[in-house]
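Fold and contact review
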There are 2 protein chains.
Amino acid sequence: MNVSNKELNLQKIKLLDGFWKMRNQLLCDVIIPYQWDTLNNRTEGVPLSHAVENFRIAAKELEGEPEGTIFQDSDVAKWIEAASYSLMFQSNEKLENIIDELVRLIKKSQHANGYVNTFFTAKGIDLRWSDLEMGHELYCAGHLIEASVAYYQATGKHTFMDVMMLYANLIVEEFGPEEGKLHAYDGHPEIELALYRLSDATNNQRYKDLADYFMNIRGSLDHDFDKTTAIEEMNPRVNNYEADYFLSHTPIREMTEVTGHAVRAMYLYAGMADQYRRTKEPSLWKALTSLWDSLEHKRIYITGGIGSQSHGERFTVDYDLPPNRGYNETCASIGLVFWAWRMSLLDLDSRYADMIEKEIFNGALSGISLDGKAYFYVNPLEINPKVAAFRQDMNHVLPHRAGWFDCACCPTNIARLIGSIGKYVYSSSDSGVCVHQYISSEVEMPIQGESVVLRMTTEYPWNEDVQISLHLKDDARFILSLRKPGWCDAYSLQINGSVNDSYSLEKGYILIDRIWTDKDVVLLKLEMRGRFIQSDSRVQDYCGKVALMRGPLVYCLEEIDNGQHLQELVVDSKSDFMLDETMVQSMKSVHMLFDGYRETIRTSRLYEPFKEQEKEKIQLRAIPYFQWGNRAKDQEMRVWVRII
Amino acid sequence: MNVSNKELNLQKIKLLDGFWKMRNQLLCDVIIPYQWDTLNNRTEGVPLSHAVENFRIAAKELEGEPEGTIFQDSDVAKWIEAASYSLMFQSNEKLENIIDELVRLIKKSQHANGYVNTFFTAKGIDLRWSDLEMGHELYCAGHLIEASVAYYQATGKHTFMDVMMLYANLIVEEFGPEEGKLHAYDGHPEIELALYRLSDATNNQRYKDLADYFMNIRGSLDHDFDKTTAIEEMNPRVNNYEADYFLSHTPIREMTEVTGHAVRAMYLYAGMADQYRRTKEPSLWKALTSLWDSLEHKRIYITGGIGSQSHGERFTVDYDLPPNRGYNETCASIGLVFWAWRMSLLDLDSRYADMIEKEIFNGALSGISLDGKAYFYVNPLEINPKVAAFRQDMNHVLPHRAGWFDCACCPTNIARLIGSIGKYVYSSSDSGVCVHQYISSEVEMPIQGESVVLRMTTEYPWNEDVQISLHLKDDARFILSLRKPGWCDAYSLQINGSVNDSYSLEKGYILIDRIWTDKDVVLLKLEMRGRFIQSDSRVQDYCGKVALMRGPLVYCLEEIDNGQHLQELVVDSKSDFMLDETMVQSMKSVHMLFDGYRETIRTSRLYEPFKEQEKEKIQLRAIPYFQWGNRAKDQEMRVWVRII
């Protein structure tokens, strides 16, 4: 079933008190100002960004050479995009002034032909497009374009989008199938998403055509991608990556397994979904669903982390999901949200919105500290800080969030995810409205010509009750679809206080087809018990172990609660769970207490004959995975625990 | 208790039918010829060695530049040493002629000042000692010196030793505490062992003094070691190693934890034991025993593998012993034999000879295939070939033995260990004779003025009976000490057919103090049951798992016997073991059969709620670890298995 769900305008969705409103408030109060300071080299004790300074240099308002990664511009872009979302949540004149000034700089840095890039401006823009594999020019262009659209949508100001359209026009002039143009594409997909978005915003077909072109020549032999010369001096390559790292190993329609650099992969697959949305080409859909199956059935951590190895920040082989050496980049989890959202608009199957839920409450969200000022790039499922600090094959795994990074793609990315969270809550279709995520919010939308207000209140993910009230002038018949989360076995539905069974369940959505009346109240109870989760035994690392979940949240054990040597702990499969509501850094949490054992073996010479262990019965405490590392630094943590 | 055990002359020990005689026969028939062919670039399908060719070039009998590693000479040296031992086992005129011709080449390559090194000869020997960190000149010198002593001892021919004494004299002239000499030492210990050995063989004190000097300035600030400039062009460094990689981080007397490059470490500690043997300096003994404790209690795999990570081929931190990513270089296990043997001569504590046993039947021996023509550099305790082939953090782990390596230190090293195995069987002291290893062999030695022949016959490690007959003219009272292996809980002793309890047990040795008569027969039964072994739970990887052993042998499971997905297997702690005697490549083996389960979980989406598993009851087959990978290539293998 391919349906045509429509995304709602983010501005129409008003967050109400709850989990995500608090985090959007934090975005406005802390994250956006903190990141702005950091992009301006004003945060102490973190790697200097230089990102704003680079634009000042490119605009010739400052002498010097740009510093930082070759794609440093994209950090500025993603910050503007996140700040734009924060303006939709809460207006802020001061912030708008800052962005306007930044837009003035970007505009001033723009070349007569439209080109914008601080790095290649310094090197000479005749060198543009000379290292498409690793130069990240179109990637940076993409993020700037997305930011310009977001800022326009937030404020109605179009200067930035005008600037970026000039740039987009240059790209359209210089790339494409025609003779004399470059037949090439970027090593890091992103421009495609931006061009589709710009095309939607401007109703300009050319951008979409070029995005399709970039996608369609990818992995074919007929292109200049790997003929462009790497500018080693500018952007030295430590590693020679394989074609699949760049997702250049095969044409998109022939892709069957998720592979390569996980962020590149997610952005590409999201772009493929954008293309399919327009073309409805069966071979694209086949590729998309094959890729999705590959990801969901064989190549994803329980937290939503993707990319099992550091080298190439990439996917490896089926069922290879080591808990202590995965990459699980925050950006990759965010990229998966982008892809999953596009899939759920194409096919109302709960597995896509389930995936978004998995990420926004686990793998992506763990990328930011509760105070908003520290970030994980890599999100391990298990760490022993002493070992990780020493081992070279774990030197990508930090036991604490950092204030910033030399390569700081993740912090601004998680900021724009938080700011745009409302987008993933609802969609509308001809037959009605669909609720994908349980996030306290209010939305007004036209349903079959009638303006309907939906008001959802919930303490999700801490509490199982979701209440949705409908407000409409005249009675109207339409389908209210509510996602039944994949984790939920038992749920109940009341309408206006009465248990209601007159719904159907289709592909994970509860479809309530009825004549709705003003002030109808739907109460969905999604039974939230602590539960043990096992893994397919083809994953080597999790045999004999379980993870702990409650609702959509994956839990973990931390040393601060359970002592050192977490590997000695065993959970009792017969255990009940006790909940302990608590506050961590002014944010609510629900810990789980349950029965377990500690199996301590101390030998003088490391190894000794096996004997049945005296198991010390103890109570274990698990905390939501996304909150780990917030109460103490450099502690042992683990998600998967032995079970007996 | 520091005793003064004496090593016996290897030539006095005659191997009798059994495990090690077969392997010495293989050394003569296959290993030495195969390696000679390979050192001469005559083996197809393996990396070219160039090692002999390099000497031809240095001797100006061939044009060209030396190829291979900067320490390629040492492969030739270790081959000569191994070949010399094979000549002690079995004379071979053709082989002697080959070595004599090789010695002629080496002599011809020698410079007027005594210097020998094919690599620096090509570059110009004024550059000698210019990269002591990584240049490996003294390391190569050391191996050549050891080879020359071995060849002299095997044949009585002294040309080679004369050549190497000239070189040793140059080293004595150019290094040392005196003004004008280099105050420096080699990045890779080995010269020290060689100089002690040469000193013993020639009774020349100067060599020992220089060895002491090299050892004593190590890790102090007062030396030129890190002032010598690396010749990057000659020997590019991929990595900047820390001082502890070179064992240069601290003076030897202050060392407490085994650290750094595992082979370097073992050779250094062995040298420290050589020095202590002469000086009896308490601070050295304290360091040696601290280091030993650190190794044995915290930093060694159950197989005897050492060096837990590939980067730096080195020790990491306490209890970090991942089964699938360790380095466990064959050479490091061999080096540990060298160290352990020296320790057991200094202190009659069975833990040292136990360690030798662990290595010669497990960690070191796994380095060579049963046919003698294929080698492991890295000895993993667990491998999934598909995962290991893909993952960059496992690219050092091969799922099959290779015919040779670009860096081929291990093949010739295991050859010289096999050839010198007899050396580790006995030692003599004033009070009698000590049997350290149970290896069928005969030895004649003077005990308290009387010539005694000991004849030991055993099918160890396959069978638990060890019979030792004594042959002497007149009755004599002395102590026969027999190691009680650390793995053995139950043993019995018969003398001339009667159970005998009149012995004492001291530090793991059974001391039989009596008046011995000609044709006395001692029968030692070391009860060999299959047993499960557990690890100290501070090792993260082995909690809830056991290894399997029988006698001194560590066992493992292979895919060929037990199917794919070995991680799904669980052993039943109540299981008995059945033995299955079999032959693999004309070599005997004893497999173990025991009860276990396969816990198969197949999920469509990787993760699902935990349920008590239906366990499929199955019979598992384990094989000796050292024999893995001999029946089929690229199979799953694992040592540690879950237990219930």
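Residues numbered from 1 in each chain as written. Chains lettered and ligands numbered in written order. Predicted model: local features only at pLDDT ≥ 70, side-chain atom pairs only at ≥ 80, totals over all residues. Heavy atoms only, no water.

1. With respect to the packing of helix H10 (residues 262-279) of chain B against helix H12 (residues 330-346) of chain B
Geometrically, a packed helix pair is captured by the angle between its two axes and the distance between the axes. Residue and element names in this part refer to chain B. Closest axis-to-axis distance for the H10/H12 pair is 8 Å, and the angle between their directions is 15°. Classed by the angle they form, the pair H10 and H12 counts as roughly parallel. For the crossing formed where H10 meets H12, the hand is left-handed. Contacts between H10 and H12 pair Ala 262, Val 263, Met 266, Tyr 267, Tyr 269, Ala 270, Ala 273, Asp 274, Tyr 276 and Arg 277 from the former with Cys 331, Ala 332, Gly 335, Leu 336, Phe 338, Trp 339, Arg 342, Met 343, Leu 345 and Leu 346 from the latter. (Axes fitted to C-alpha atoms, helices over the stretch in contact; angles between N-to-C directions. Helix = DSSP H or I, 4+ residues; strand = E, 2+ residues; numbered from the N terminus. Parallel < 35°, antiparallel > 145°, perpendicular 65-115°, else oblique. Left-handed = near helix turned anticlockwise from the far one by under 90°. Contact = heavy atoms within 4.5 Å.)

2. A short note on the relation of the copies chain A and chain B
The relation between the two copies of this chain is a rotation about an axis and a shift parallel to it. Note on the copies: chain A fits chain B at an RMSD of 0.0 Å, the axial shift is 0.0 Å, and the rotation between them is 180°. What the rotation and shift describe, once combined, is the action of a two-fold rotation axis. Minimal C-alpha separation from the rotation axis in chain A is found for Asp 393 of chain A, amounting to 2.9 Å. Comparing contact sets, 100% of the residues at the interface of chain A also lie at the interface in chain B, consistent with an isologous, same-surface contact. (Least-squares fit on C-alpha atoms with pLDDT ≥ 70 in both.)

3. Concerning the environment of Asp 580 of chain B
All names here are of chain B. Within the element layout of this structure, Asp 580 appears in strand S19 (residues 577-584). For the pair Asp 580 and Cys 434, spaced 146 residues apart in the sequence, the C-alpha separation amounts to 33 Å. Dropping the residues within four chain positions of it, Asp 580 is found in contact with Ser 589, Val 590, His 591, Leu 593 and Arg 621. A polar contact is formed between the side chain of Asp 580 and the side chain of Arg 621, at a distance of 2.7 Å. (Polar contact = N/O pair within 3.5 Å; in protein donor to acceptor, adjacent residues only side chain to side chain.)

4. Digging into the pattern of salt bridges
If the charged atoms of two oppositely charged side chains come close together, the side chains can form a pair. Scanning all chains against the criterion turns up 105 salt bridges over all chains. Note that Asp 536 of chain A is salt-bridged to Arg 602 of chain B, the shortest N-O span being 3.8 Å. Taken as a pair, Asp 536 of chain A in the loop between strand S15 (530-535) and strand S16 (545-550) and Arg 602 of chain B in the loop between strand S20 (587-598) and strand S21 (607-609) lie in two separate chains rather than in one. Given the relative accessible area of 1%, Asp 536 of chain A is considered buried. It is possible to trace a salt-bridge network through shared partners that takes in Asp 536 and Arg 538 of chain A together with Glu 568, Arg 598 and Arg 602 of chain B. (Salt bridge = Lys/Arg side-chain N within 4 Å of Asp/Glu carboxyl O. Buried < 20%, exposed > 50% of the residue type's maximum accessible area, 1.4 Å probe, protein only.)

5. Let's talk about the packing of helix H4 (residues 93-109) of chain B against helix H6 (residues 137-155) of chain B
Residue and element names in this part refer to chain B. Running from N to C, H4 and H6 cross one another at 140°; their axes reach a closest spacing of 13 Å. Viewed along their axes, H4 and H6 adopt a mutual orientation that is oblique. The two elements H4 and H6 meet at a crossing, and its hand is left-handed. Across the interface between the two elements, Glu 96, Ile 99, Asp 100 and Ile 106 of H4 pack against Leu 144, Tyr 151 and Thr 155 of H6. Counted by class, the contact of H4 with H6 contains four nonpolar, one polar and two charged residues. (Nonpolar A, V, L, I, M, F, W, Y, C, P; charged D, E, K, R; others polar.)

6. Details of the nonpolar core
Within the largest apolar cluster, 221 residues are counted, with the highest numbers of intra-cluster contacts made by Tyr 269, Met 272, Trp 339 and Leu 482 of chain A. For this core, the element with the highest residue contribution is helix H12 (residues 330-346) of chain A, accounting for twelve residues. Sequence-distant contacts of Leu 482 of chain A, that is, excluding residues within four places in its chain, are made with Val 435, Tyr 438, Ile 468, Leu 493, Gly 508, Tyr 509, Ile 510, Ile 512, Val 522 and Leu 524 of chain A. Counting 217 residues, the second-largest nonpolar core is a separate cluster that includes Trp 36, Phe 119, Leu 170 and Tyr 327 of chain B. (Core = buried A, V, L, I, M, F, W, Y, C linked by side-chain atoms within 4.5 Å.)

7. Here we look at the sheet that holds strand S4 (residues 426-429) of chain B
All names here are of chain B. Reading across from one edge, S1-S4-S5-S9-S13-S12 is the order of the six strands in this open sheet, with mixed pairing throughout. Only two strands of the sheet have a single partner each, and these edge strands are strand S1 (6-7) and strand S12 (504-506). Two strands pair when backbone bridges link them, and strand S5 (residues 432-435) and strand S9 (residues 476-483) are joined in this way by four bridges, in the parallel orientation. Looking at the pairing, Val 433 lines up with Leu 480 of S9. (Pairing = 2+ DSSP bridges.)

8. What to know about the sheet that holds strand S6 (residues 441-447) of chain B
Residue and element names in this part refer to chain B. Reading across the sheet, the seven strands line up as S2-S6-S7-S8-S14-S10-S11 and stay open at both edges, with antiparallel pairing between neighbours. Strand pairing shows two members of the sheet lacking a second neighbour, strand S2 (13-15) and strand S11 (498-499), which therefore form its edges. Sheet topology places S6 next to strand S7 (residues 450-458); seven bridges connect them, and they run antiparallel. Note that in S7 the partner of Val 443 across the bridge is Leu 454.

9. A few points about the pairing of strand S17 (residues 553-558) of chain A
Residues and elements named next belong to chain A. Counting buried positions along S17 gives six out of six residues, so the element sits mostly inside the fold. Side chains of S17 alternate between two faces, with Leu 553, Tyr 555 and Leu 557 and Val 554, Cys 556 and Glu 558 buried alike. Linking S16 back to S17 in an antiparallel pair, the connection comprises two residues, with Gly 551 at a positive phi of about 55°. Inspection of the sheet shows S17 paired to strand S22 (residues 616-624) by three bridges, in the antiparallel sense. The partner of Leu 557 across the bridge, within S22, is Ala 622. Bridge analysis of S17 against strand S23 (residues 637-638) gives two bridges, and the strand direction is antiparallel. Across the sheet, Leu 557 pairs through a bridge with Arg 638, a residue of S23.

10. Structural notes on the packing of aromatic side chains
If you walk through the whole model with that rule in mind, you get 72 aromatic pairs over all chains. Plain terms: the ring middles of Phe 361 of chain A and Tyr 460 of chain A are 6.0 Å apart, the flat faces sit at 65° to each other, and that makes the pair edge-to-face. A residue pair is termed long-range when its members are at least 10 positions apart, and Phe 361 of chain A in helix H13 (residues 350-363) and Tyr 460 of chain A in the loop between strand S7 (450-458) and strand S8 (465-472) qualify at 99 residues. The two residues Phe 361 of chain A and Tyr 460 of chain A agree in class, both being buried. Each residue in the set Phe 19, Trp 20, Phe 361, Tyr 438, Tyr 460, Trp 462, Trp 487 and Phe 626 of chain A is aromatic and connected to the rest through ring pairs, giving one cluster. When the ring centre of Phe 19 of chain B is taken as reference, the NZ or CZ atom of Arg 23 of chain B above it lies at 3.8 Å. (Phe/Tyr/Trp six-rings, centres within 6.5 Å; stacked < 30°, edge-to-face > 60°. Lys NZ or Arg CZ within 6 Å of the ring centre and 35° of its normal.)

11. Some words on the state of the cysteines
Inspection of the entire model under this criterion finds zero disulfides over all chains. Free cysteine Cys 331 of chain B: the closest other cysteine sulfur is in Cys 410 of chain B, separated by 3.5 Å. (Disulfide = S-S within 2.5 Å.)

12. A look at unusual backbone geometry
Residue and element names in this part refer to chain A. The peptide bond linking Tyr 460 to Pro 461 adopts the cis configuration, its omega dihedral lying at 5°. Position of Pro 461 relative to the elements: it lies in the loop between S7 and S8. At Gln 585, a position not held by glycine, the phi torsion is positive, near 50°. Relative to the helices and strands, Gln 585 resides in the loop between strand S19 (577-584) and strand S20 (587-598).

13. Some words on the interface of chain A and chain B
Each partner contributes to the interface: chain A provides 67 residues, whereas chain B provides 67 residues. Overall, the association of chain A and chain B removes approximately 5600 Å² of surface from exposure, summing both partners, and the carbon and sulfur fraction of that is 52%. Together, Gln 534, Leu 606 and Tyr 607 of chain A form the three largest contributors to the area buried by chain A at its contact with chain B, with a combined 15%. Where Glu 296 of chain A meets Arg 605 of chain B, a salt bridge forms, and the shortest distance between an N and an O atom there is 3.7 Å. Inspection of the chain A/chain B interface yields 34 residue pairs in polar contact (both at pLDDT 80 or more). Listed by contribution, the elements that provide at least two residues to the side of chain A that touches chain B are helix H11 (282-298), helix H14 (385-390), S15, strand S21 (607-609) and strand S24 (641-643) of chain A. In terms of residue count, the dominant contributor to the side of chain A that touches chain B is S15 of chain A (four residues). Tallied by class, the residues present in the side of chain A that touches chain B amount to 24 nonpolar, 20 polar and 23 charged. Across three bridges, the pairing between S15 of chain A and S21 of chain B is antiparallel. (Buried area = accessible area lost by both parts, 1.4 Å probe.)

14. Quick notes on the domain arrangement of chain A
Residue and element names in this part refer to chain A. On domain assignment, one finds that chain A holds domain 1 (6-225 + 242-424), domain 2 (426-526) and domain 3 (530-643). Taking the mean C-alpha position of each, domain 1 and domain 2 sit 32 Å from one another. With 26 residues of domain 1 at the interface, the matching set in domain 2 holds 31 residues. Summing both sides of the interface, domain 1 and domain 2 together bury roughly 2200 Å²; the carbon and sulfur share of this comes to 59%. Our count for the contact surface shared by domain 1 and domain 2 stands at three salt bridges. Residue Asp 347 is joined to Lys 507 by a salt bridge in which the shortest nitrogen-to-oxygen separation is 2.7 Å. (Domains from an automatic or database assignment.)

15. So, the pairing of strand S9 (residues 476-483) of chain A
Residue and element names in this part refer to chain A. Extensive coverage of S9 is indicated by the burial of seven of its eight residues. Bridge count for S9 against strand S13 (residues 509-516) is eight bridges, and the pairing is antiparallel. Among the inter-strand pairings, Ile 479 is bridged to a residue of S13, identified as Asp 513.

16. Here we look at the environment of Gln 534 of chain A
Within the secondary structure, Gln 534 of chain A sits in strand S15. Note: C-alpha distance between Gln 534 of chain A and Glu 329 of chain A (205 residues apart in sequence) is 23 Å. In this view, Gln 534 of chain A contacts Lys 545 and Trp 640 of chain A together with Ile 601, Leu 606, Tyr 607, Glu 608, Pro 609, Phe 610, Lys 611 and Gln 613 of chain B; residues no more than four positions away in its chain are not counted. Side chain to side chain, Gln 534 of chain A and Glu 608 of chain B meet in a polar contact 2.7 Å long. Of the polar contacts made by the side chain of Gln 534 of chain A, one reaches the backbone nitrogen of Lys 611 of chain B; its length is 3.3 Å.

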